[in-house]
Amino acid sequence: MRPTRRQFLTGVTSLAVSHALLHRSVFAQQPKRTRIVLLGTKGGPRVGEAGRSNPSTLLMINDVPYVVDCGYGVSKQLISAGVALNRVRYIFITHHHSDHNLELGPLFYNAWITGLPVRVDAYGPSGLTQMTRDFFNYLKFDIDTRIDDEGRADPRTLFTPHEFDKPGVVLTNDDVKVTNCLVRHPPIKQSYAYRFDAKERSVVISGDTAYAPELAEFAKGADVLVHEVMYLPGIEALLKRLPNAKRLREHLMAAHTLPEDVGKIAAAAGVKTLVLSHFVPGDDASITDEQWSAGARKYFKGKIVVGRDLMEI
Ligand SMILES: [Zn+2]
Ligand SMILES: [Zn+2]
């Protein structure tokens, strides 16, 4: 017997309700997934008029923000990604080039002035502690004034730098284990990649590096590898306009990775998804996604994502 329209609609409605309940209970039981948001995808310290922001990557693990690198604009980009600054809990610096640390102090300051609910722990290579001290000295007058005048907590007691000078475990908590790996970024000796092993997802962020087979070993079996990339024809076009072209070309070739080599690293690591980020040059809008990814695709058969600011993976 065919159901009446009323019976049919009642059936559809109850099905929808039970589906919604099921959906909700499944999500309530599951740990919150690990989200990756690219905050800034342009390599280098130059602040562009438009387009990509300077380097930073956000991981949301069990709803807690982990910020990797603090290029200029990271505070603004976090807000654009929907993350209130006073939620920032962990910061990681890959190395001490300014496109990775320029806004470390200011990000913490901006979080403090928003009203810090908890302390912030920052991790990075040697030099981090001195840099933190120098930053607080730079703003001593303002900070002391606001503590006296506005009754704020002393930010120097809320921010803890943890520096390291070798690979190993950087942080372990209930949600994630973070390890680091020394990569190749001359003339900087202390340049690191980070690996985040969360409950249901492993993510590796290369930092700045030339082709480094040890990074493939470090990233073995990860779900996602976020790797820096440099496009040679784009570099040549850029260098034509600069007086320090020769030195800059030498630095770039020794310190960064071409798309083909990024593909080799991703293939050797056996990751599921390769995300290209830290684009050099990052300001040349004429370089297409296909141009950025073609070299990598020759060697890597998994999914390739050409990153953009505020893209979520
Ligand atoms: Zn960089
Ligand atoms: Zn660098």
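Conventions adopted
- Residues numbered from 1 in each chain as written.
- Chains lettered and ligands numbered in written order.
- Predicted model: local features only at pLDDT ≥ 70, side-chain atom pairs only at ≥ 80, totals over all residues.
- Heavy atoms only, no water.
- Donors = N, O, S within 2.8 Å, 3.2 Å for Na, K, Ca; no water.
- Tetrahedral: all angles 85-135°; square planar, octahedral: opposite > 155°, others 65-115°.
- Buried < 20%, exposed > 50% of the residue type's maximum accessible area, 1.4 Å probe, protein only.
- Pairing = 2+ DSSP bridges.
- Helix = DSSP H or I, 4+ residues; strand = E, 2+ residues; numbered from the N terminus.
- Axes fitted to C-alpha atoms, helices over the stretch in contact; angles between N-to-C directions.
- Polar contact = N/O pair within 3.5 Å; in protein donor to acceptor, adjacent residues only side chain to side chain.
- Contact = heavy atoms within 4.5 Å.
- pLDDT = per-residue confidence, 0-100.

Caption draft 1: Representation of the coordination of the zinc ion (ligand 2) in the model. Of the protein atoms, only His95 (NE2), His97 (ND1), His185 (NE2) and Asp208 (OD) coordinate the zinc ion (ligand 2), at distances of 2.1 to 2.3 Å. Note that the zinc ion (ligand 2) binds 4 donor atoms; their angles at the metal cover 90 to 163°, and the shape is irregular. Positions of the donor residues of the zinc ion (ligand 2) along the chain correspond to the pattern H-x1-H-x87-H-x22-D. Separating the zinc ion (ligand 2) from the zinc ion (ligand 1) is a gap of 3.5 Å, which Asp208 spans by donating to each of them. You can call His95 buried: its relative accessible area is 0%. Using a relative accessible area of 24% as the deciding quantity, one classes His97 as partly exposed.

Caption draft 2: Representation of the sheet that holds strand β6 (residues 159-164) in the model. With mixed pairing, 6 strands are arranged side by side in an open sheet as β1-β2-β3-β4-β5-β6. Edge positions in the open sheet fall to β1 (35-40) and β6, since each of these has one partner strand only. Sheet twist, expressed as the mean angle between neighbouring strand axes with direction ignored, is 20°. With 6 bridges connecting them, strand β5 (residues 120-125) and β6 associate as parallel partners.

Caption draft 3: View of the side chain of Ser206. With respect to the element layout, Ser206 can be found in the loop between β10 (202-205) and α7 (213-218). Note on Ser206: relative accessible area 1%, which makes it buried. A polar side-chain atom of Ser206 sits 3.1 Å from the main-chain amide nitrogen of Glu228. Not counting residues within four places of it along the chain, the set of residues in contact with Ser206 comprises Val183, Tyr192, Ala193, Leu215, Val226, His227 and Glu228.

Caption draft 4: Just the confidence of the model for the protein, in detail. For the protein, per-residue confidence averages 90 on the pLDDT scale, and 89% of positions sit at 70 or higher. In the predicted structure, residues 1-29 sits below a pLDDT of 50 and forms 1 contact with residues beyond four places in sequence or in another chain.

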